[in-house]
Amino acid sequence: MTDIGWVGLALSLLLVVVAVVLSMWERLGLERGIVWAATRALAQLLAVGLVLQVLLEPGVSVWWGWLWVVAMVGIAAVTVQRRAPLVPGILWLAVLAFAGSAVVTLGVLFGFGIFELDIRTLIPLAGLMIGNSLAATVLVSRRLVAEFDEKRGEVEARLALGQPASAAAHPYVRESLRTALIPQIETTKAVGLIALPGTMTGLILAGVDPIDAVQVQAAVMYLVLGSVATTTTVMALGIRRRLFTPDHRLLRLTSPGPPPAAR
Amino acid sequence: MTVAGATRPRLDGATGEVPDRGVTVLVGPSGSGKSTLLRCCNRLEAPDAGTVRFRDDDVAGLDPLVLRRRVGMVFQRPTPFAGSVRDNLRVAEPALSERASELALERVGLDRSFLDRDARALSGGEAQRVCLARTLVTTPEVVLMDEVTSSVDPATRLGLEQLARALDDVEVPVIWVTHDLEQMQRLADHVLVVVDGRIVHAGTPSSLASDAPPEARRFLTGEAA
């Protein structure tokens, strides 16, 4: 087992000093930002570590782990809402997306006994799943709103031909989903060739046999892929529902000034 | 009909009737509410107050998907979809035969060689003709045309006007929105003048000179435009 200890941690701060010195040297003006980021990261990790230390004591109920998952879903949903605020009711939609994804992905991992259900497995896996789908969820939301805004004329022309909202929206939903999913597919393809992924690196550093580490890593990558696909699909379909009225009209989200229809 | 807007109502108690034949031109200055009025006719917009009646039926009570095939619409900017012209026509009617596709193009003055062309690579005028053909594929009873000539060349403008007249010949009434008074004179059997979200005059083109109220006349003489 690798244990760097507090002294090791303090010495690793030298690398932050390197970043600060480079920023000063090139007059990037990022020194404060770097120091703040490094400090904040350490504080957050320590806080999480302390809580985990308590939760991982033998005999702690797994329900505390589920409670942790609920909190993570909430925080992720608030983040999506802050980064893609135009869609009405996006907060609850994001909660639904992450919760739905948790049910599907954790259901497979624990339901088939791939991992043993335990606080020690539940919290990190749920964290990986939510953390890695966050960016794609934000991306699909913003992309879809932009797509309906830019292609408004096309969508309305489809509606005017008598297509229902679901059919009229489909090409644009598809495009946004592809935009959000392709980076994840590319990352999955390139794994191991360019960078060793985090889970595997962590396990190897902690002294685990590389092949065992690879097995866990691969399962984690599939977890992330499945979770990104689930959250983005739920988001895209949910946003589509919210942007159309029940009588198949496309709502207007950005209407500062006179709308184009009034010309 | 009233339709709320961001700063002021886009339609403010507009009331009027469109005859069930010929070409009716909705004319008025930019931002007067002509397009909004038109969009209420196929339920792309819903009035906040008031009703729209289509042949005695309140359109709010009709299935919007059926209504929109009975009341077709062509938009200000051409809206070709990705894919070939044939693909575009098949969005309107997935089971459209090759022969019917050719006839649809013929009807708008394009030959069949267009069927395989990329709809998004067409000129503005060609694309607008394809959009009209696509709308006609749904065999609408009425066609709404929203400033359809504002982004096309002069030859296509006259071509589209002729196509609107030709629809009247086969007893498909047309509602045509424009702010172009000369176009109105060329095209209209019946005119509704829209100013500030209200229909301020309705009648034949020749009635405008004699019967139009002051607010309509101000627009017609160019003062309000």
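Residues numbered from 1 in each chain as written. Chains lettered and ligands numbered in written order. Predicted model: local features only at pLDDT ≥ 70, side-chain atom pairs only at ≥ 80, totals over all residues.

### Some remarks on the overall build of chain B
- Check the secondary structure of chain B and you find nine helices and 10 strands.
- Taking the principal axes of its C-alpha atoms as reference, chain B extends roughly 50 × 40 × 35 Å.
- Counting only residues that meet the buried cut, chain B has 48% of its 225 residues in that class. (Helix = DSSP H or I, 4+ residues; strand = E, 2+ residues; numbered from the N terminus. Buried ≥ 20, exposed ≤ 12 C-beta atoms within 10 Å, placed from the backbone.)

### So, helix H6 (residues 154-169) of chain B
All names here are of chain B.
- Between its first and last C-alpha atoms H6 spans 23 Å; for 16 residues at 1.5 Å apiece the expected length is 22 Å, and the two agree.
- Buried residues of H6: Thr156, Leu160, Leu163, Ala164 and Leu167, and no others. Viewed along the axis of H6, the buried residues span an arc of 100 degrees, placing them on a single side of the element. Relative to its buried face, H6 has exposed residues pointing more than 90 degrees away, namely Pro154, Ala155 and Asp169.
- Where H6 terminates, the next one or two residues include Glu171, which has phi positive at roughly 60 degrees. (Expected span 1.5 Å × (residues − 1). Arc of directions from axis to C-beta.)

### Some points on the pairing of strand S6 (residues 71-74) of chain B
Residues and elements named next belong to chain B.
- By the alternation rule, side chains of S6 split into Val71 and Met73 and Gly72 and Val74, which are all buried.
- In this sheet, strand S7 (residues 142-146) lies alongside S6 in parallel orientation, the contact comprising four bridges. From the neighbouring strand, Val74 faces S7, where its bridge partner is Met145. (Pairing = 2+ DSSP bridges.)

### Here we look at unusual backbone geometry
- Its identity as a non-glycine residue notwithstanding, Arg27(A) has a phi of 50 degrees, on the positive side.
- Summarising the element assignment, Arg27(A) is placed in the loop between helix H1 (5-25) and helix H2 (31-55).
- The exposed category is assigned to Arg27(A), around which 7 C-beta atoms lie within 10 Å.
- Phi at Thr139(B) takes a positive value of approximately 45 degrees, unusual for a residue other than glycine.
- Structurally, Thr139(B) is set in the loop between helix H5 (124-137) and S7.
- Residue Thr139(B) is classed as exposed on the basis of its C-beta count, with 12 C-beta atoms lying within 10 Å.

### Looking at the interface of chain A and chain B
- The interface is formed by 21 residues belonging to chain A together with 29 residues belonging to chain B.
- Considering every element that reaches the side of chain A that touches chain B, the biggest residue donor is helix H6 (residues 152-160) of chain A, with seven residues.
- Split by residue class, the side of chain A that touches chain B holds 10 nonpolar, five polar and six charged. (Contact = placed C-beta atoms within 7 Å. Nonpolar A, V, L, I, M, F, W, Y, C, P; charged D, E, K, R; others polar.)

### Things to note about helix H4 (residues 98-107) of chain B
All names here are of chain B.
- Those residues of H4 lying buried are Ser101, Ala104 and Leu105. Angular distribution of buried residues about the axis of H4 spans 95 degrees; they occupy a single face of the element. Of the exposed residues in H4, the ones pointing more than 90 degrees away from its buried face are Arg99 and Glu106.
- Elements that come into contact with the buried residues of H4 comprise helix H3 (85-92) and H5.
- In the stretch just after H4, Gly109 is the one whose phi turns positive, near 80 degrees.

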